[in-house]
There are 2 protein chains.
Amino acid sequence: MSTPRSTDARTNTRADVAQKILDQATRLFAAHGFDAVSLADISGRVGIRKPSLLYHFRSKDTLRQAVLEELLAHWNDVLPKLLMAATTGTGQFDAVLAKTVAFFADDRDRARLILRELLDRPTEIQPLIEAHVRPWVTIVADYIRRGQEAGRLRFEVDPLSYVAHVTILVIASLATFDAVAALAPSTETRKQLLERHTQELLRIAKTSLFRPRPGASREPSSIQPPE
Amino acid sequence: MSTPRSTDARTNTRADVAQKILDQATRLFAAHGFDAVSLADISGRVGIRKPSLLYHFRSKDTLRQAVLEELLAHWNDVLPKLLMAATTGTGQFDAVLAKTVAFFADDRDRARLILRELLDRPTEIQPLIEAHVRPWVTIVADYIRRGQEAGRLRFEVDPLSYVAHVTILVIASLATFDAVAALAPSTETRKQLLERHTQELLRIAKTSLFRPRPGASREPSSIQPPE
DNA sequence: CCTACCGATCGGTAGG
DNA sequence: CCTACCGATCGGTAGG
């Protein structure tokens, strides 16, 4: 009874308790914020005692950093695909934008965690911004500048500022969706509402970036080169 | 020495200590969040002891509500002007948008406080949204629908979703400005950067709402009626 | 508006 | 992974 089976039913005991701790910490930090969540809250949901949690993570701040690192690790998973889509040339801006939205829509806790860090630790997280956001922003901003020179993109766009705004819009809209959804008519399911809301976000981002094709206001199928 | 002068130097003692408490609580709640700020933090900045603070506000939660009510009172000050600008007819959308941005840019703590409430208490603040945001959103959404019928505004715009996104964008961009500003080149002053950033926000909002005037891409001065 | 004080809870440690 | 326990700090009260 006390001897663990080789790799079976109770194999999950050694180091993936740490994963359960990370999961619950992520949920609770995202929902209530770092300071409002106690270690007892987290350990309670995992089913262990507080000192046991501190065996896996030596302090509450260590746990916060681990939660953030897991988030950034996932981000680094999709980043290469994003960058490739951006550099592969014309019309791929849609793919970059859609993939970025998908990353945060996939798990809105990601949006909430980042927004909270932006609010709570504006200066402390700048190394993380520098490492994980800067390269992406730079590449997209360069893409925009080339698109402007080629005449595909609106010349009035402020590339860096535009990227910052769209990024914040994606994150904040998904992070606050629960609160904002109350304004919508209740005939829709939440999933439908989120889908419609996301579509409008993409429309705003694209319409304010691409130059209008002449006479394309009514017939989206008539593709013509600019000028 | 102990008798207070009629209405002079020390007149400010009775009930405007409460105002100093409100001011400091607003600053600290906006910067660090409700749970991360202790009553001792606040009273310390005011220059009184914690029990003295609790004489003016019977509990920490009462103080939180008072901070929020002061913010909403200021909002109610500008709301009538906003609504008037929206209903007065053509082309006044700019005024509504600019006034809304000005409200939050004027004191970015307002943006931070609201964003925190949206994150921390998504369900609890819905009565406040219903009372203070719903009427404004409804009127602007109606304005958009009329503009669409008149052919001035893009027919693809989802009115309610558009208003929600632009509102969130205004609030979140100003709330997180400190953290995002680090991405910008450092040759600019912060004020210049904020100005440029705000201009791009307005451009995004307007470009994605108004229908393009034929041939207006290069000459912004040639105003023509749609179709 | 103060001093003195309360029980509860916090993050974290000892020691096994 | 646990029980037992620590000092510090929390929001709030008593009583003046």
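Along each chain, the written sequence defines residue order, and numbers are assigned to residues from 1. Whichever chain is written first is A, and whichever ligand is written first is 1; the rest continue in order. With the structure being a predicted model, the display of local features is reserved for residues of pLDDT at least 70 and the display and counting of side-chain atom pairs for 80 or more, all residues being used for whole-chain, interface and lining totals. Heavy atoms throughout the structure, all of them, feed into the side-chain values; hydrogens and water do not.

Asks: What's the story with the protein's contact with DNA strand C in this structure? I'm lost.
Replies: Each residue is tested against the molecule or strand, and it is near if at least one of its non-hydrogen atoms lies within 4 Å. The environment of DNA strand C is made up of 16 residues, and the closest members are Lys50 and Lys60 of chain A together with Val17, Arg49 and Ser52 of chain B. By atom count, sugar and phosphate contribute 52% of the portion of DNA strand C lying within 4 Å of the protein. A distance of 3.4 Å separates a phosphate oxygen of DNA strand C from a polar side-chain atom of Ser38 of chain A. Ser52 of chain B places a polar side-chain atom, nitrogen or oxygen, 2.2 Å from a phosphate oxygen of DNA strand C. Two N or O atoms form a polar contact when they lie within 3.5 Å of each other; inside protein one atom must be a possible hydrogen donor and the other a possible acceptor, and for residues adjacent in sequence the pair counts only when both atoms belong to side chains.

Asks: Just checking my understanding: could you explain the packing of helix α5 (residues 93-106) of chain B against helix α8 (residues 159-175) of chain B for this structure?
Replies: Any two packed helices are characterised by how steeply their axes cross, that is the angle between the axes, and by the distance between the axes. Residues and elements named next belong to chain B. Convention adopted: a line fitted to C-alpha atoms gives each axis, helices being fitted over their contacting stretch, and angles between N-to-C directions are expressed from 0 to 180 degrees. In this text, helices come from DSSP runs of H or I with a minimum length of four residues, and strands from runs of E with a minimum of two, each type numbered from the N-terminal end. Where α5 meets α8, the closest approach of the two axes is 9 Å, and the angle between their N-to-C directions is 35 degrees. Seen along the crossing, α5 lies across α8 with a hand that is right-handed. Taken together, the residues of α8 that come into contact with α5 (itself represented by Phe93, Leu97, Val101, Phe104 and Ala105) are Tyr162, Val166, Val170, Ile171 and Leu174. All residues other than Ala, Val, Leu, Ile, Met, Phe, Trp, Tyr, Cys, Pro, Asp, Glu, Lys and Arg, Gly among them, are scored as polar; the first ten of these are nonpolar and the last four charged. Classifying every residue of the contact of α5 with α8 by side-chain character gives ten nonpolar, no polar and no charged. Take the far helix as your reference; a near helix turned counterclockwise from it by less than a right angle gives a left-handed crossing, and one turned clockwise gives a right-handed crossing. Contacts are assigned to residue pairs with any non-hydrogen atoms lying within 4.5 Å of each other.

Asks: Honestly, the relation of the copies chain A and chain B in this entry has me stumped. Any pointers?
Replies: Put simply, the second copy of the chain is the first one after a rotation about an axis and a shift along it. A least-squares superposition brings the copies together, and it is based on the C-alpha atoms of residues with pLDDT no lower than 70 in both. Laying chain A over chain B is done by rotating through 180 degrees and shifting 0.0 Å along the axis; what remains is an RMSD of 0.0 Å. Both copies of the chain, as the preceding transformation shows, are related through a two-fold rotation axis. Most of the interface of chain A is mirrored in chain B, where 100% of its interface residues are also at the interface.

Asks: What is the right way to read the nonpolar core from this model?
Replies: The nonpolar side chains of a soluble globular protein tend to be buried, and buried together. Ile42, Leu63 and Tyr162 of chain A together with Ile42, Leu63 and Tyr162 of chain B are the most contacted members of the largest nonpolar core, which totals 134 residues. Not counting the four nearest positions on each side in its chain, Ile42 of chain A is found in contact with Ile21, Gln24, Ala25, Leu28, Phe29, Val37, Leu53 and Leu63 of chain A. What makes a nonpolar core is a set of buried Ala, Val, Leu, Ile, Met, Phe, Trp, Tyr and Cys residues whose side-chain atoms join them at distances within 4.5 Å. Burial classes: relative accessible area under 20% of the type maximum marks a residue as buried, over 50% as exposed, and values in between as partly exposed (1.4 Å probe, protein chains only).

Asks: Would you mind showing me how to read helix α2 (residues 39-46) of chain A here?
Replies: Residues that lie three or four places apart on an α-helix share one face, since the helix turns once every 3.6 residues. All names here are of chain A. Leu39, Ile42, Ser43 and Val46 are the residues of α2 that are buried. Buried residues along α2 cover an arc of 90 degrees about the axis, so they all sit on one side. The positive-phi residue at the C-terminal boundary of α2 is Gly47, with phi of around 95 degrees. As used here, the arc belongs to the directions running from the helix axis to the C-beta atoms.

Asks: Hey, could you run me through the protein's contact with DNA strand D in this one?
Replies: Around DNA strand D sit 16 residues, and of these Val17, Arg49 and Ser52 of chain A together with Lys50 and Lys60 of chain B come closest. The sugar-phosphate share of atoms of DNA strand D within 4 Å of the protein amounts to 52%. The backbone of Leu39 of chain B places a nitrogen or oxygen atom 3.0 Å from a phosphate oxygen of DNA strand D. In the environment of DNA strand D, a base nitrogen lies 2.7 Å from a nitrogen or oxygen atom belonging to the side chain of Lys50 of chain B. Counting only elements with at least two residues in the surface near DNA strand D, the list comes to α3 (50-56) of chain A together with α3 (50-56) of chain B. Tallying contributions element by element places α3 of chain A first for the surface near DNA strand D, with four residues. Here the residues of the surface near DNA strand D are counted per class, giving eight nonpolar, five polar and three charged.

Asks: Is there a simple way to think about the interface of chain A and chain B in this case?
Replies: Bring the parts together and some accessible area is lost; that lost area is often taken as the interface size. If you look at the interface, chain A gives 51 residues, while chain B gives 51 residues. A simple way to read buried area is as the amount of 1.4 Å-probe accessible surface that goes missing from two parts once joined, with both sides added. Summed over both partners, the interface of chain A with chain B comes to about 4800 Å²; 64% of that surface belongs to carbon and sulfur atoms. Ranking the residues of chain A by area buried against chain B places Leu119, His165 and Leu183 of chain A at the top, with a combined share of 16%. Only one rule defines a salt bridge in this text: a Lys or Arg side-chain nitrogen within 4 Å of an Asp or Glu carboxyl oxygen. Run the count over chain A and chain B and you get four salt bridges. With its nearest N and O atoms 2.4 Å apart, the salt bridge here joins Arg196 of chain A to Asp158 of chain B. Among the elements that line the side of chain A that touches chain B, the one with the most residues is helix α9 (residues 159-175) of chain A, at ten residues.

Asks: It is not clear to me how the environment of Gln24 of chain B should be interpreted in this structure. Could you clarify?
Replies: All names here are of chain B. Along the polypeptide, Gln24 turns up in helix α1 (residues 17-32). Exposure remark for Gln24: the relative accessible area of 18% places this residue in the buried category. Spatially, the C-alpha atom of Gln24 lies 6.1 Å from that of Ile42, the residues being 18 residues apart in sequence. For Gln24, the residues in contact, after removing those within four places along its chain, are Ile42, Arg45 and Val46.

Asks: How do you make sense of the confidence of the model for chain A when you look at a structure like this?
Replies: In regions of low pLDDT, the predicted coordinates are not meant to be interpreted in detail. Residues and elements named next belong to chain A. Confidence of the predictor in every single residue is expressed as pLDDT, which spans 0 to 100. On average, chain A scores 88 in pLDDT, and the residues at 70 or more come to 86%. The low-confidence segment residues 1-9, where pLDDT is below 50, has two contacts with residues more than four positions distant or belonging to other chains. Taken as a whole, residues 218-227 scores under 50 in pLDDT and shows eight contacts with residues more than four places along the chain or in a different chain.

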